[in-house]
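# Structural overview for review
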Amino acid sequence: MSRLQNQPTLRVDTNKPLSFTYKKKTFSGFKGDTVASALFSGGIRIFSRSLKYHRPRGLYSLDGECSNTGMEVNGIPNVNAEKTLLEKGMQVKAQNVKGSPELDAMGFMDSLDRAMPAGFYYRTMHKPARIWPIALQQVRKAAGLGKISPDFRMTGEFDEIFPTTDVCVIGGGPSGMTAAIAAAETGLRVILLEARPWLGGFFDYRQSEFSRDLPHYQRARELEARMQTLPNIRVFTHTAMVGAYSNNLVTAFQIGNEKDPFDERYLEIRAQSMIVATGCIERPLLFENNERPGVMQIACAHRLANTYGILPGKRAVFSVAHDLGIEAALDLFDAGIEIAAVADIRDNPSHAALVSELEQREIPYLKGWVAREALGAPLKSVSLTTLQGTFEKKLECDLLVASAGMTPVTGPLSMAQAELAFDQHTGFFLPKSLPVGVYAAGRLLGLNDSRAIEASGQVAGLSAALNCGKASAQALKDAQEMLAGRPQAERGCNLVMAPVKGRKAFICFDEDTTVKNIKQAIDMGFDATELIKRFTAAGTGPGQSGIPGHNLPLLVAQHHTDHGALTRPTTMRAPLVPTLMATYAGTNHLMSKRTPMHERQKQDGGVMRKIGVWNRARYFSDDFSCRREIENIRNNVGMLDATTLGKFRIFGPDALKALQRVYVGDMAKISPGKIKYSAMCNEDGCIIDDGVVVQRGENDYYFTTSTARAGITVEWIRYHTRYDGWDFNLVNLTDAFGVINLAGPKAREVLSEVIDADISNAAFPFAAYQEFTALDTIPVRIMRLGFVGELSYELHVPGSWMETLWDALSEAGKPFGIANFGLETQNVLRMEKGHLIIGSESEQRTTLHDVGLGGLWDRNKPAVDTVGAVALQQTENQEKRLKLVGFKMKNTRTPPKDGSIVVDDRIRGHVCIARYSHTLQEAVGMALVEDPLHAVGTEISIYEDECQGQLVSATVVPMPFYDPKGERLRS
Amino acid sequence: MALTLTCPVCGKRNGYEFRYGGEDKGPKPDDFGSSPETWCDYVHMNRCVAGIQKEWWCHRDGCGVWFTTHRDTLKNLEME
């Protein structure tokens, strides 16, 4: 279909056609079109069928306030076609239809409305209870929005940014742009968000005069040009604001254009001041069949012609209550539409000149008349009535422009915790008070005069600047005087509904809620708007109350009293505009830390796993039982990359006091050259960490924590000393040092190849600590420990030396059969030795006593000075606790799964770890079991998923399973 | 996170950077007796003020300091 070419306000480029498919046919639109405008131009009038009654639905507002134009685009359901810019090759489908939108096999649903009163499914489909699941399926089938394939994969780039700014302006219309300019001229940083792809707001499509010889759209472009000269304004177009929170945190999402490296992106803006200049949408007029395709709001018809160059109909009737309606009628008449009549709910327009312009064009102007019923599908005629319903007349038309006036877009203000109150004069919900740093400007204050709208932007911009410590009070005062000199807020139309019964007068399009449904809810005793909203579902659809948001509270208030004081809008919640989950999810940020040995471990065949914040080698072969790795440690020697251990330096005059505070042992007993093993508890006496501490100098200590605690240890120690004012420094060296665990009976022979010092068992015994120079160069701190139960050395080296030392050890170890071992091998080895991993053999409620480490606690330390000691005193002899025990499986070589439950007549505990031990030739494990099942010799039964009702049996045995006297690790 | 907090070292920062450390209950009393209940109350019971309360925060993703500040729990705003 051809477009109006001579409109100076066009936003489509008719030199750039774009083809797309709909209903298996090729359609064509232009660059700048939305999917909806291109379809409308191609003759499509019915875009979807409604949720419940399958009524035909078409273009109504063009700004996405309802789901009328919810369509499937490129496989994504519920895309709002009127806000989605057309792209070449788009695949568009209609939703919720059997057949086509024009001929929907479910269309008969519309005649069944008497069977489906408000909330009928809540009240009818639960007796007997078993019918609900069946009814649910049927209801969902009939009342679907879009459908998504379970294997659908979202494509595209989704980004996120977190800008900080001085002033954030929401809305790029005349007041928003004026506010941004005013604030930016004081030198502040300004961010401006505009939901449409271009700036200008309601000036953008209007050819009427702003001032002599300056049409409104030109004025908007002047403001835009002025903004472009201010580099401190950052403009985001096609960016809908979706949330506002305390401290002026604003969230929004931006749709990228072809130049952007993203499809959509999430914005989280921290502003000092926030200006809401979101303007108005139109309040829907309630009459019978008010949502019939062919019925649309003023701006929809006006913008179709002026922005997209499409004539919305051939012969139109207007039923309006605002000067913008008359202006649209004049423009559409001039564009070539026959106007049968303009009915105006008001007695008089605000600008009398408009009426004479109608008269010049011989368009009948009916004061005090309103649309009563839209007739025919597609629309053939409209019945008009006087406000009292006394007289009626029927006019033929294929377009009915209907609107009950304006309604401010207060969602952002409401989310920012502004208090809104009903204003009799404008009929708007206006901000009664605004939170600190929040300002409102423009049409949403009820202003209609173009100059007043800009002046209010000036006032808001300067107020926002003043809040940031810029702008002079005098400049603000001048702006306020300027605003006071312009026409103030106009009286708004207070009519809620034409004089009809409302059986087919839809207050909410998304949920198919009629005025009759609201009446039914009220008859059933619902009196609060919020409850009526939920019972009738009005305003709970994708349009986020865009259609019923203003009418619903007005209608409910009419029931109570005509006094507006009780009238309250329903609460607005984020997202104010439907947002893709993908946009919220953003880019996939799967990240993990890598040790200096990462690449080498992979080259060596390491099977890497994400474990906590790290990526680590779990196995070194396909055999996940790790038999060869295990046997090599028990017989020869192996190396484990243990870099992930938490490593810390604490020093300063009060360092020892801090250690005493968090460790349960007496840290004063640390002697140079010796390792002190201890544990940390929380205030409940529950074990949270274990590790070793060594003293490196006066008031200077080095200690390790488990991998899981590395990130939180500094915070923990500072927290528990927060009242003391102690003088100590704490440095997290976790990422600065690498750790090699060299373990196995031949470890000493390997180590002596790289260290030129006496490391004999006498010179460097078990539990000793010493610092060496490896290869005559590398400073290395060595702890003689035995986590895996063999002779072993823990080598701590600066990260940059890790590979060198590792390679040297590998080379030196070759004659001894050195091999890598991974985490799983370590796990089995330490289990055989009965060594714990906190978090595996303990849980939230497990105390130091429960895991048998009570001996680490020094009871001579004053209890209140040690974190957890008071609880350790109190729980020491508590009964019925879960205690850690070792067990051997009876009659089976198969271990139960980690986490299997221990049961008799009830749950008595769980298996922490169980493995088949190649060393012991039997299945063993550790479990937390309820006292008194923990006694050695007790038989316990274990349930796991695949036992098919047959519990497996195990016997509680003493630990450790392997080398109980510890001869090997001391050898 | 909408909350901002004022770190005594780094100034006003985004709430994401901080860890909550609970209500300020003051230093531990010296003696709790032998009753687990008294101890449990001290550790776990909170006043949960609906209004302005003094609380501990840690500038975890910044300088690491623990500090106290006053926050209006109804508005989730730090007091000036």
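Summary of the structure given here.

## Section: the overall build of chain A
When its secondary structure is counted, chain A shows 24 helices and 50 strands. A globule of 971 residues ought to have a C-alpha radius of gyration of about 30 Å, yet chain A, at 38 Å, is considerably larger. When its C-alpha atoms are laid out on the principal axes, chain A stretches across 115 × 70 × 55 Å. Taking all 971 residues of chain A together, 58% fall into the buried category. If you sum the accessible surface of chain A, you get close to 40,400 Å²; carbon and sulfur atoms cover 51% of it. Here chain A holds 108 positive side-chain charges and 110 negative ones, and the gap between their average locations is 4 Å.

## Remarks on empty space enclosed by the protein
All names here are of chain A. Counting across every chain of the model gives 3 cavities of 30 Å³ or more. Of the volumes computed, that of the largest cavity is approximately 190 Å³. If you trace the largest cavity, you find 20 residues lining it, with H322, M406, F428, G492 and C493 closest to the centre. If you add up the space inside the second largest cavity, you get close to 110 Å³. Lining the second largest cavity are 14 residues, with S48, R49, S50, S67 and L145 positioned closest to its centre. Residue composition of the lining of the second largest cavity, by class: 3 nonpolar, 8 polar and 3 charged.

## Details of the pattern of salt bridges
All names here are of chain A. Inspection of the entire model under this criterion finds 63 salt bridges over all chains. With its nearest N and O atoms 2.3 Å apart, the salt bridge here joins R226 to E185. With R226 in helix 5 (residues 216-228) and E185 in the loop between helix 4 (174-184) and strand 10 (190-193), this residue pair connects regions lying 41 residues apart in the sequence. Using a relative accessible area of 34% as the deciding quantity, one classes R226 as partly exposed. With relative accessibility at 45%, the residue E185 sits in the partly exposed group.

## Comments concerning the nonpolar core
Residue and element names in this part refer to chain A. Counting 51 residues, the largest nonpolar core has L39, L59, V92, L304, F318 and V342 as its most contacted members. Discounting chain neighbours no more than four positions away, the residues touching V342 are F318, V320, I326, A329, L358, I363, P364, Y365 and L366. Ranked by size, the runner-up nonpolar core spans 45 residues in total, among them M177, L324, A441 and I453.

## A few points about the sheet that holds strand 35 (residues 646-651) of chain A
Residue and element names in this part refer to chain A. One open sheet holds the 5 strands; their spatial order is 36-37-38-35-39, and the pairing between them is antiparallel. Of all strands in the sheet, those bounded by a partner on one side alone are strand 36 (676-681) and strand 39 (729-732). Pairwise comparison of adjacent strand axes, ignoring direction, gives a mean angle of 30 degrees for this sheet. Relative to strand 38 (residues 700-705), strand 35 is paired through 6 bridges, and the arrangement is antiparallel. The residue bridging R649 from the neighbouring strand is Y702, located in strand 38.

## A word on helix 8 (residues 352-360) of chain A
Residue and element names in this part refer to chain A. Here helix 8 has its buried residues at L354, V355 and L358. Across the axial projection of helix 8, the buried residues extend over an arc of 100 degrees, all falling on one side. Those residues of helix 8 that are exposed and aimed more than 90 degrees away from the buried face are A352, A353, E359 and Q360. Residues of helix 8 that are buried in the fold lie against helix 7 (323-335), strand 20 (338-344) and strand 21 (365-367). At the exit of helix 8 stands E362, carrying a positive phi of roughly 60 degrees.

## What to know about the interface of chain B and chain A
Contact with chain B, which involves 33 residues of that partner, is made by 20 residues of chain A. Of the roughly 2,100 Å² buried where chain B meets chain A, counting both sides, 51% is carbon and sulfur surface. Inspection of the chain B/chain A interface yields 2 salt bridges. The salt bridge partner of E715 of chain A is R19 of chain B, with a shortest N-O separation of 2.1 Å.

## Re the pairing of strand 2 (residues 25-31) of chain A
Residues and elements named next belong to chain A. With 7 bridges joining them, strand 1 (residues 13-22) and strand 2 adopt antiparallel strand pairing. If you follow D13 over to strand 2, its bridge partner there is K31. Connecting the antiparallel pair strand 1 and strand 2 is a turn made up of 2 residues, with K23 showing a positive phi of about 50 degrees.

## So, helix 5 of chain A
Residues and elements named next belong to chain A. With 13 residues, helix 5 extends 19 Å between its outermost C-alpha atoms, agreeing within 8% with the 18 Å of an ideal straight helix rising 1.5 Å per residue. Residues of helix 5 that are buried include every one of H216, Y217, R219, A220, L223 and M227, and no others. Mapping the buried residues of helix 5 onto a view down its axis gives an arc of 160 degrees, with all of them on the same face.

## Things to note about the packing of helix 10 (residues 450-467) of chain A against helix 11 (residues 473-484) of chain A
Residue and element names in this part refer to chain A. Two elements in contact, helix 10 and helix 11, have axes whose closest approach is 9 Å; the angle formed by their N-to-C orientations is 160 degrees. As far as their axial angle goes, helix 11 and helix 10 are roughly antiparallel. The crossing of helix 10 and helix 11 is left-handed. Residue-level contacts link A452, A455, S456, Q458, V459, L462, S463 and L466 of helix 10 to A473, A475, L476, A479, Q480, M482 and L483 of helix 11. In terms of residue class, the contact of helix 10 with helix 11 is built from 11 nonpolar, 4 polar and no charged.

Rules used throughout
- Residues numbered from 1 in each chain as written.
- Chains lettered and ligands numbered in written order.
- Predicted model: local features only at pLDDT ≥ 70, side-chain atom pairs only at ≥ 80, totals over all residues.
- Heavy atoms only, no water.
- Helix = DSSP H or I, 4+ residues; strand = E, 2+ residues; numbered from the N terminus.
- Rg over C-alpha atoms; globule rule 2.2 N^0.38 Å.
- Buried < 20%, exposed > 50% of the residue type's maximum accessible area, 1.4 Å probe, protein only.
- Areas by Shrake-Rupley, 256 points an atom, 1.4 Å probe, with all protein chains shown as cover.
- Lys, Arg positive; Asp, Glu negative; His and termini not counted.
- Charge placed at Lys NZ, Arg CZ, Asp CG, Glu CD.
- 1 Å grid on protein atoms, 1.4 Å probe; cavity = no way out; pocket = protein on both sides within 12 Å on 5 of 7 lines; lining within 4 Å.
- Points joined across faces, edges and corners; volume = space filled by probe spheres on them.
- Nonpolar A, V, L, I, M, F, W, Y, C, P; charged D, E, K, R; others polar.
- Salt bridge = Lys/Arg side-chain N within 4 Å of Asp/Glu carboxyl O.
- Core = buried A, V, L, I, M, F, W, Y, C linked by side-chain atoms within 4.5 Å.
- Contact = heavy atoms within 4.5 Å.
- Pairing = 2+ DSSP bridges.
- Axes fitted to C-alpha atoms, helices over the stretch in contact; angles between N-to-C directions.
- Arc of directions from axis to C-beta.
- Buried area = accessible area lost by both parts, 1.4 Å probe.
- Expected span 1.5 Å × (residues − 1).
- Parallel < 35°, antiparallel > 145°, perpendicular 65-115°, else oblique.
- Left-handed = near helix turned anticlockwise from the far one by under 90°.

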